[in-house]
Amino acid sequence: MDILFQQIVNGLVQGSVYALVALGYTMVYGILGLINFAHGEVVMVGAMVALTVLQILLAAALSSVLAVLCSLMVAVAACMALGYGIERVAYRPLRNAPRLAPLITAIGVSIVLQNLAMMIWGREYHAFPMPFSNGLHELGGAIITDVQIAIVLIALLMMAGLMLLIHRSRFGRSMRAVAENPSAAALMGVDINRVISATFMLGSALAAVAGFMVSANYGIVHYYMGFMLGLKAFTAAVLGGIGNLRGAMLGGVVLGLIESLGAGYIGDLSGGFFGSNYQDVFAFFVLIAVLVFRPSGLLGERVAERA
Amino acid sequence: MKFNHQSKPMLAAFAAALLVLPFIIDSLLGHGWVRIADFALLYIMLALGLNIVVGYAGLLDLGYIAFFAVGAYTYALLGSPQFGLHWPIWAVLPLGALLACFFGVLLGAPTLRLRGDYLAIVTLGFGEIIRIFMNNLNAPVNITNGPQGISSIDPLSMGGFSFSKTHELFGVDFTAVHLHYYLFLGFTLLVIFVSLRLQHSRIGRAWMAIREDEVAANAMGINTRNIKLLAFAMGATFGGISGGLFAGFQGFVSPESFSLMESVMILCMVVLGGMGNIAGVVLGGVLLVILPEAFRHGAGPLQQALFGKIVVDPESLRMLMFGLALILVMLWRPAGLWPSTQRRRELMPDETVAQQEQDTVYDAAK
Amino acid sequence: MTQPSETLLELSGVCKHFGGLAALSAVSLHIKRGEIYGLIGPNGAGKTTLFNVITGLYQLDEGTFSFDANSYACCKPHLLAQAGIARTFQNIRLFANMTALENVMVGRHVRTHSGIWGALTHNRATCAEERAIAGRAHELLRYVGIHRPSNTLAKNLSYGEQRRLEIARALATEPKLLALDEPVAGMNATETESLKALLQSIRNDGVTVLLIEHDVKLIMGLCDRVAVLDYGKKIAEGKPEDVRRDPAVIAAYLGGEA
Ligand SMILES: Nc1ncnc2c1ncn2[C@@H]1O[C@H](COP(=O)(O)OP(=O)(O)OP(=O)(O)O)[C@@H](O)[C@H]1O
Ligand SMILES: [Mg+2]
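As the structure is a prediction and not an experimental result, all values here were calculated from the model.

Draft legend 1. How the structure looks around the nonpolar core. One finds Trp-207 and Val-253 of chain B to be the most contacted residues of the largest nonpolar core, which totals 240 residues. The element best represented in this core is helix α2 (residues 31-56) of chain B, accounting for 19 residues. For Val-253 of chain B, the residues in contact, after removing those within four places along its chain, are Ala-72, Tyr-73, Ala-76, Gly-149, Ile-150, Ile-153, Phe-246, Ala-247 and Phe-258 of chain B. Ile-36, Ala-100, Ala-154 and Leu-165 of chain C belong to the second-largest nonpolar core, a separate cluster that totals 43 residues.

This is the structure we're talking about:
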């Protein structure tokens, strides 16, 4: 039964990452009503940039704390710039175009990013350097590492910060106004374009952090890592109720838990017929089930549901 | 599409051109390119199938390749040494189509009442589920042979006539790729015919009405759920047929051929070409198969010539160019390269959709 | 068959809430065959909500309504259209990128049958049906007074024509009850006048009409009976000239929007 506890720990850690990425999807969806297909690649770029900076700084024998912080900062900055660029290139010119057009440009951006990354960083898996010794702790029979604890804590911190930002700040207010009704917000003097850009940047910053986290947790980075992660995170966003920030967080954690528990127990449940290699299937089965039985997600969508 | 009398000679010339095309390609570009033309036809069939779902009925399906996979694996399992079964093509192809249709209904029945974006993500998930199962159904009971895929699949043959052998006719050698070309051309024309007939029928009008305004269509007496399901099932059926042909042509299937990227590729053909317009979709299919191939063949030598060595991996350069092309074309022509003249704006622009939803809620407010 | 009852549509105690808002509370009314029945009331009174309820877009919370002697508590829109209720929308909802003709042809969907097989084979029955659909659609376009080429896209029609096209599309479903949500909103006096004539001839063809309208003159000149809604309640019903003098109605309008 210690596997249960272990799987819960793993699920929470993975779920925190999903939640951070899911927030990016949900914010963009809430404000523009479309799926930012390229968001998963932003996570990947964040991880890759962090990797390169970290390698350079560690080679320059900088103190490890400083190196980690710096690389995280650079990754966040790079991703914010990238998020801004994606919005300018792929979404803004198409704001009044047929609905599928921005989806296709986003797919295009995603392909471009993936292949650029492959050209720059190559096809191989890179080891993500961890300058600290990664201590193990035992917690009720489960093993949890320092990095994992840090992941959960940082994720919680970032989410709390985000909620404060959205609900307490001026920017948050204009963001919510735009999500509610863009034209009315514009009439009230909100600069819609700035708000949308900022939303993309905010989501990308979270993605960069998430990219750093997964890389540190698994110790490897790869140009293809953003794809599945993005897909899962989007699933998490839908699971929680798209457009709903709390929903994205909850959805992320729930999805992480379902996945790891599912992977841990499916073998026993199916009499050995299915193994943990079906892990990825759970996310999608859960998704389909949720949408069928509770189409607005666990916490409900933000957008007005029609009667 | 109606052809008047003046267009008859044009049509005849066009048909003749299609018939001799493989020989022209063969002599100008080489044998490999005829094979590429065959694949182009398969993809056009797929794109036309997806066009029914996305272009006519306005349902965004991101997992369309799953139906292709169902057709291909049906063919592969029933016509290969995997189980020692060698069913004839006339049994396997329809069965694959039927199974694909069945899966379409299975997936569509509970999900088609969802809003557009949700449908997209559910279908995407379904596509991944199918792929993961193909990938993992090799243990403990080996069904799909896992990631290795199934090979030595029976070639396409009909009543003793094998498409994978060279036949001589009127002193001309028809090799396997040529024969497959004609076979696929026949199927493609069939799919085009079906699409055209449907487009201008009572059902086709209902699809478009749903695409334009689902609430109004429903209020006018269209059973939106059934009609959407019909579109889904039709699309899936076409996918299943082309899957079967693909398996027989390639002689080998593996889960790799059915990744999400393939679904995306087919969607791109439809949207890039011009949703809802058959000619546009065909154009999209041709371009998206031919151009990346041309690039693959051209990029290596070009780099050699320019820099004296291969600077960047041609494969990733090819994908990079593909991505850039998608972005540029969409920015330049959001309704696709060849939109139907009648309907420049196939799906509602985003604002209108949001507006529509608002309006459903407050029909009176404005 | 039994003699059809004189009442076509009957609502009894219909309630519809949105959260805390009672958009309709205990509304009861009945509409007789062959009449033009007006529904008026200040903005937000619940008129459109009532339409949405009887056309199945909203499910009612309490009460029942019966149409043509069948009772419906919750019913899908297409089944109600099948039963013979057709409507237009307050904010025009045409199939914008389809032609005027196709819009009306879609209306024929519910009264025709050909399916996939017919479409593919173009068999005799299907061809005849297609011709009949197109013929009837042309007829209806002329009937409502749209004289543009029938392949004009709906979105390229003028505002008044779009309103008429919506009526033609609704008529194509062969309704017993035609429900019109502010059909003359935004029209000028001549357009209003000709629409009035159109509505009269629709009624003379035996179609019962339910009409939401703010234009008092139109209501007075056209309707046999009128009901007044205010804050989701029916506050008056009767002959137009009686309703007009009803103190409750005057109060509602003065208090509401004057
Ligand atoms: N889907 C909905 N969700 C929430 N509230 C709604 C919904 N539909 C209608 N309402 C509310 O119900 C009330 C009645 O609206 P309704 O549209 O029926 O008014 P109306 O009489 O048609 O007004 P108008 O003359 O402006 O068209 C309004 O307060 C409206 O805001
Ligand atoms: Mg109204």
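Draft legend 2. Molecular detail of the sheet that holds strand β8 (residues 208-212) of chain C. Residues and elements named next belong to chain C. Judged by pairing direction, the sheet is mixed, and its 6 strands sit side by side in the order β6-β7-β8-β3-β9-β10 without closing on themselves. Edge positions in the sheet fall to β6 (85-87) and β10 (233-238), since each of these pairs with one other strand and no more. The sheet shows a mean angle of 20° between the axes of neighbouring strands, direction not considered. Those strands touched by helix α6 (residues 159-172) are β6 and β7 (177-181), and its axis lies near 160° from that of β7.

Draft legend 3. Main features of empty space enclosed by the protein. For the structure on display, the rule yields 5 cavities of 30 Å³ or more. Considered as a void within the structure, the largest cavity measures approximately 130 Å³ in volume. Tyr-25, Phe-37, Phe-227, Gly-230 and Leu-231 of chain A are the residues nearest the centre of the largest cavity, which is lined by 14 residues in total. Only α2 (39-59) and α9 (225-240) of chain A together with α5 (116-136) of chain B provide two or more residues apiece to the lining of the largest cavity. The leading source of residues in the lining of the largest cavity is α9 of chain A, at 5 residues. When grouped by side-chain class, the residues that make up the lining of the largest cavity number 8 nonpolar, 5 polar and 1 charged.

Draft legend 4. Molecular detail of the coordination of the magnesium ion (ligand 2). Residues and elements named next belong to chain C. Binding of the magnesium ion (ligand 2) to the protein goes through Thr-48 (OG1) and Gln-90 (OE1), at separations of 1.9 to 2.1 Å. Of this pair, Thr-48 sits in helix α1 (residues 47-54) while Gln-90 sits in the loop between β6 and α3 (100-107); the two residues are 42 residues apart in sequence, bridging distant segments of the chain. Residues Thr-48 and Gln-90 agree in their burial class; the two are buried.

Draft legend 5. Geometry of the side chain of Thr-188 of chain B. For Thr-188 of chain B, the location among the structural elements is in helix α6 (residues 176-199). For Thr-188 of chain B, the residues in contact, after removing those within four places along its chain, are Leu-41, Ile-44, Met-45 and Leu-48 of chain B.

Draft legend 6. Spatial organisation of the interface of chain A and chain B. Taken together, the contact pairs 53 residues of chain A with 61 residues of chain B. Run the count over chain A and chain B and you get 0 salt bridges. At the junction of chain A and chain B, the tally comes to 0 residue pairs in polar contact (both at pLDDT 80 or more). Sorting the residues of the side of chain A that touches chain B by element identifies α1 (2-32), α4 (100-121), α9 and α11 (279-293) of chain A as the ones contributing at least two each. Considering only residue class, the side of chain A that touches chain B consists of 39 nonpolar, 7 polar and 7 charged.

How each quantity is defined
- Residues numbered from 1 in each chain as written.
- Chains lettered and ligands numbered in written order.
- Predicted model: local features only at pLDDT ≥ 70, side-chain atom pairs only at ≥ 80, totals over all residues.
- Heavy atoms only, no water.
- Core = buried A, V, L, I, M, F, W, Y, C linked by side-chain atoms within 4.5 Å.
- Buried < 20%, exposed > 50% of the residue type's maximum accessible area, 1.4 Å probe, protein only.
- Helix = DSSP H or I, 4+ residues; strand = E, 2+ residues; numbered from the N terminus.
- Contact = heavy atoms within 4.5 Å.
- Pairing = 2+ DSSP bridges.
- Axes fitted to C-alpha atoms, helices over the stretch in contact; angles between N-to-C directions.
- 1 Å grid on protein atoms, 1.4 Å probe; cavity = no way out; pocket = protein on both sides within 12 Å on 5 of 7 lines; lining within 4 Å.
- Points joined across faces, edges and corners; volume = space filled by probe spheres on them.
- Nonpolar A, V, L, I, M, F, W, Y, C, P; charged D, E, K, R; others polar.
- Donors = N, O, S within 2.8 Å, 3.2 Å for Na, K, Ca; no water.
- Salt bridge = Lys/Arg side-chain N within 4 Å of Asp/Glu carboxyl O.
- Polar contact = N/O pair within 3.5 Å; in protein donor to acceptor, adjacent residues only side chain to side chain.

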